[in-house]
Amino acid sequence: MLNRLLLLTLGLLITALAFPVGTSAQNYPRVTSADGWPTPVWEYPPLTPQTRKPAPRRDLSGMWGPVAGHMGGVQAGGVLSKPNNGRPENQLPYTPYGLEQYKAHKAAEGADAVLPAENNDPRNNCEPLGVPRYNHYNVRLTQIFQDPVKVVILYHYDNRWRVIWTDGRKLPKMLDGGVEIDGQYREQRIFGYSVGRWVDDTTLVVETLGTLPEDRVWLDSTGRPISDQVKVTETFRRTSLDELEWSETIDDPKMYTKPWETMKLPMRLHNPSTDLMEYYCSPQEQENYDKFFGSAASQK
Amino acid sequence: MSRRLALAGLTAAGVLCLSVVASNQATRVPGAQYDSDFPNEKPGPAPRRDLSGIWEPARGPGDAIQATGAKAMPDSGRPEHQLPFTPEGLKANLANKPAWGPRAVASALSNDPQPTCEPQGWPRLILHNYRTAQIAQTPKQMLFLYQFNRKWRNIWTDGRANPKVDDFLEPRWWGYSVGRWQDDYTFVAETVGMDERTWLDNVGRPHSWEARVEERYVRRDAVHIDVTITIDDPTFYSKPWVALDKLALRLQPDTFDIREMECSPSEFARYQKEFAEPAAGVGGQR
C-alpha cells in the first residue's frame, strides 16, 4: 500500500511537470492530464474587469475551492474569523457553561492544545462532525449541486452531503432534544434541518437548527463548544461567475452570550472535471496513527 | 391475582398494538411511495437519458437490506448460491468472519469492518442495507447521494477512461468509476481500484485488487429504475456473478426527506460493551 502511495506521488509530480497549467475562458485553470483525470490546481489567473463576469441568477452550482488555496479552509487553529491563538480580539463571549465545556475539551489544536495522545476530539474517533463543524474542518474543493427545491453541499472530507431546502418550507421549531415540524416531533440530526431563501438574485441565506448536543460535537478543532440550541446562519453570496463568499454566524445562547461570526470564506470556481483524492476518516487508520505517531510523540 | 392477570392481559394487548404499529412503520418510510400504493398503475414512458431524482426500493424500504448477503446471491447454503471461488478467493472468504449468514460468529468476534464504521466502499454500499438515494446529473457526472452515512459518490460521464489497475494506482474506498449511456434508457458504469479492505457484502464475500464492478441502471418507465450489479474478479472468482439482479427503485417526490442513518463509533463501542461482548462471553476480543 505504501509503495502504491509513493508511486502515485511520484506520478503526480511527473504529470504536473509534464503538463503545464493553462487558462480557459471560464477563468479557472484548465489542466490536461495524461490519463484524463485532472488533479486540483490552486493557481488562478487573477480576475480583471475584463475577465470578471456577472454571477448567474440564483445559481450556486459548481466546484468551489478557497481563494487562499488548498490550506485556505483547513481551520486547524480554529474557525476562520476567530482563530484560537490567545489574542484578545479572538476571545469568545462564553457563558459560564460554555467556558466549562471548552475547558473539558482536550483539543489537539489551538492555544490550549494537549499532546496528541491526550486529546478527546470526537473527530479522532471518526464520529460524525455535525453542522456547523463540517464547515470548519478542512474545507477544500466543495461541489454544490442545485435543483428547483434544494441546494446540496458535497463536502470533500468524508464524502458527506447536506441538503438545504429552498422550496419555501419553514424552518422547524426548536424543541428540547429535537424539532417540531407540522405539529410532530422530529429527531435531532447530525446535519440539522436547513432552510434557505434567496434574499436577492445572488445571495442565499441559510438557517439551520435541530443539530446534535454538546456531548457529541464540537464547533472546531480547537475544542470550542457548540450546543443543540444553536441557530446557524450561513450566507452564500455569488459575487461574480467565478467568486462565491461563504460566511457563517452562530447564535448559541447556551454556550455564548451573543451571536458571533465564525467564518467568511472566499471561494473560486474550479474546473468541474477535477478528480478529488479521497479524504476519509477510517477508525482503523486513526488507531494506527495514534499508536505509531500520536502516542509516540506524546511519549506514551 | 385477578388484577395482576388483568394487568398482564392489558400489557399483552399493548405489546400487540405496538407490534402492529412497529410493523407498519417497518414497511414504510414516512412520505415515501411504493408500488403497492398504485395497484392499477400504468406508468408513463421513461424520459431519455435521465436517472435524476430521489429513488427508494419500489417494493418497500426493506427490499434491499441484504442481511444475509448480496440479494441475488445470499449465503443460504443452497447449491445455486455457491460462489465460483478460486482457491485464493476461498481463502480470503474464510478469513472474513461475518456476524450474519450460515458462517456467522457472535458479533463481538466478527472482523466485519462495517460495524466499526470503517468506510463501506463500493459496492458494499448497495449490497448492504441499501435504502434511499438521490441521483443528480451534471454535464460531466452522475452523482449519487446515499442515505447511509450521507455519503456521496461520483461516476464520471465525460468520456474519460478508467485508470489502469496496477501498483501505480492509489486504492480508493469508492474506487474509480466511469459510465456511459448504452442506449437512451440504459446507463452502465464500471468501477475499478477498490480498496481491498472492504467486503462485498454482509456475509464476508471478498474482492481482490483486480475486481471490476459493473452497475447497470435501466430506466424502465417514468417512475422506475432497475439496478443490476455484476462482480468480475478473476483473482477471487472463476467467472463473473450477479450480486443484485434488477432491483426495482421507485421515483419519489422531489421534496422527499432522506433521513439520517449513521454509523457512530462511540455508539458501536457502547453496543459492544453492553450487549455483544456479554452475549459472546468475551471482553474486548475481536
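Everything that follows concerns the structure shown earlier in this document.
Residues numbered from 1 in each chain as written. Chains lettered and ligands numbered in written order. Predicted model: local features only at pLDDT ≥ 70, side-chain atom pairs only at ≥ 80, totals over all residues. Heavy atoms only, no water.

Participant: Honestly, the overall build of chain B in this entry has me stumped. Any pointers?
Facilitator: Looking only at helices and strands, chain B features four helices and nine strands. Taken from the N to the C terminus, the helices and strands of chain B come in the order α-β-α-α-β-β-β-β-β-β-β-β-α. At a minimum sequence separation of 6, the contacts of chain B that also span at least 24 residues come to 63%. Surface exposure of chain B reaches about 13,200 Å², of which carbon and sulfur atoms provide 56%. (Helix = DSSP H or I, 4+ residues; strand = E, 2+ residues; numbered from the N terminus. Contact = heavy atoms within 4.5 Å. Areas by Shrake-Rupley, 256 points an atom, 1.4 Å probe, with all protein chains shown as cover.)

Participant: Please clarify how helix α4 (residues 265-280) of chain B should be interpreted in this entry.
Facilitator: Because each turn of an α-helix spans 3.6 residues, side chains separated by three or four positions in sequence point in the same direction. Residues and elements named next belong to chain B. For α4, spanning 16 residues, the distance from its first C-alpha to its last is only 20 Å, which falls clearly below the expected 22 Å at 1.5 Å a residue. Inspection of α4 places P265, F268, Q272, A276 and E277 among the buried residues, and these make up the whole buried set. Trailing α4 by a residue or two, G281 shows a phi angle of about 70 degrees, which is positive. (Expected span 1.5 Å × (residues − 1). Buried < 20%, exposed > 50% of the residue type's maximum accessible area, 1.4 Å probe, protein only.)

Participant: How should I be thinking about the interface of chain B and chain A in this particular structure?
Facilitator: Often the size quoted for an interface is simply the accessible area lost on bringing the parts together. Listed as interface residues are 53 residues of chain B and, on the opposing side, 49 residues of chain A. Surface buried jointly by chain B and chain A totals about 4,300 Å² across both partners, of which 51% is contributed by carbon and sulfur atoms. Joining chain B to chain A, the criterion identifies seven salt bridges. When the shortest N-O distance is used, the salt bridge between E262(B) and R160(A) registers 2.7 Å. Our enumeration of links across chain B and chain A arrives at 33 residue pairs in polar contact (both at pLDDT 80 or more). Those elements giving two or more residues to the side of chain B that touches chain A turn out to be β2 (133-137), β3 (141-146), β4 (152-156), β5 (176-183) and α4 of chain B. Ranked by the residues each element gives to the side of chain B that touches chain A, the list is headed by β3(B), at four residues. For the side of chain B that touches chain A, the residue count by class is 23 nonpolar, eleven polar and 19 charged. (Buried area = accessible area lost by both parts, 1.4 Å probe. Salt bridge = Lys/Arg side-chain N within 4 Å of Asp/Glu carboxyl O. Polar contact = N/O pair within 3.5 Å; in protein donor to acceptor, adjacent residues only side chain to side chain. Nonpolar A, V, L, I, M, F, W, Y, C, P; charged D, E, K, R; others polar.)

Participant: Would you mind going over helix α2 (residues 87-95) of chain B with me for this structure?
Facilitator: Residues and elements named next belong to chain B. Listed as buried for α2 are G89, A92 and N93. For α2, the arc enclosing every buried residue in end-on projection is 100 degrees, short of the 170-degree limit, so these residues lie on one face. Along α2, the residues that are exposed and aim more than 90 degrees away from the buried face are P87, K91 and L94. (Arc of directions from axis to C-beta.)

Participant: Any chance you could explain empty space enclosed by the protein here in plain terms?
Facilitator: Empty space among the atoms can be located by rolling a probe the size of a water molecule over them. Summed over the entire model, instances satisfying the criterion amount to six cavities of 30 Å³ or more. Looking at the largest cavity, its volume works out to about 260 Å³. Along its surface, the largest cavity is lined by 20 residues, and D275(A), L276(A), W152(B), N154(B) and R172(B) are the ones closest to its centre. Each residue belonging to the lining of the largest cavity can be placed in one class, and the counts come to eight nonpolar, eight polar and four charged. There is about 160 Å³ of room inside the second largest cavity. Looking at the second largest cavity, it is lined by 16 residues, and the ones nearest its centre are D158(A), C117(B), P119(B), N149(B) and K151(B). The class makeup of the residues in the lining of the second largest cavity is nine nonpolar, three polar and four charged. (1 Å grid on protein atoms, 1.4 Å probe; cavity = no way out; pocket = protein on both sides within 12 Å on 5 of 7 lines; lining within 4 Å. Points joined across faces, edges and corners; volume = space filled by probe spheres on them.)

Participant: Whenever I open this one, unusual backbone geometry confuses me. Can you help?
Facilitator: Backbone phi values are negative for most residues with the exception of glycine, while trans is the configuration of most peptide bonds. Going from V131(A) to P132(A), the amide bond is cis rather than trans, its omega being 15 degrees. Within the element layout of this structure, P132(A) appears in the loop between α2 (96-104) and β4 (142-147). Following W122(B), the chain continues to P123(B) via a peptide bond in cis, the omega torsion being 5 degrees. Tracing the backbone shows P123(B) in the loop between α2 and α3 (124-127). Positive phi, normally seen in glycine, also occurs at N149(B), with a value near 60 degrees. Within the secondary structure layout, N149(B) lies in the loop between β3 and β4.

Participant: I'm lost on the state of the cysteines in this one. Help?
Facilitator: Throughout this description, disulfide means a covalent bond between two cysteine sulfur atoms. Residues and elements named next belong to chain A. One pass over the full model with this rule turns up two disulfides over all chains. Each sulfur of the disulfide joining C126 and C281 lies 2.2 Å from the other. Where C126 bonds to C281 through sulfur, the torsion about that S-S bond is close to -80 degrees, and the disulfide is left-handed. One end of the pair, C126, is in the loop between α2 and β4; the other, C281, is in the loop between β14 (260-270) and α3 (283-297), and 155 residues separate them in sequence. According to the relative accessible area criterion, C126 is buried, its value standing at 8%. (Disulfide = S-S within 2.5 Å.)

Participant: Explain the side chain of R268(A) here, please?
Facilitator: All names here are of chain A. By secondary structure assignment, the location of R268 is in strand β14. One buried charged residue, R268, remains without a salt bridge, the closest side chain of opposite sign being D242 at 5.1 Å. A distance of 3.3 Å separates the side chain of R268 from the backbone oxygen of P45, its partner in a polar contact. The residues touching R268, leaving out its near neighbours within four places in the chain, are N27, Y44, P45, L47, M63, W64, G65, V67, D242 and E243. (Lys, Arg positive; Asp, Glu negative; His and termini not counted.)

Participant: Can you walk me through the pairing of strand β8 (residues 224-232) of chain B in this structure?
Facilitator: Put simply, side chains in a regular strand alternate between the two faces of the sheet. Residues and elements named next belong to chain B. Across the nine residues of β8, eight count as buried, placing the element largely inside the fold. In this sheet, β8 lies alongside strand β7 (residues 212-221) in antiparallel orientation, the contact comprising nine bridges. From the neighbouring strand, R219 faces β8, where its bridge partner is I225. Counting the residues that bridge the hairpin from β7 to β8 gives two residues. Note: β8 against strand β9 (residues 241-252), seven bridges, orientation antiparallel. For I231, the partnering residue across the bridge sits in β9 and is W241. (Pairing = 2+ DSSP bridges.)

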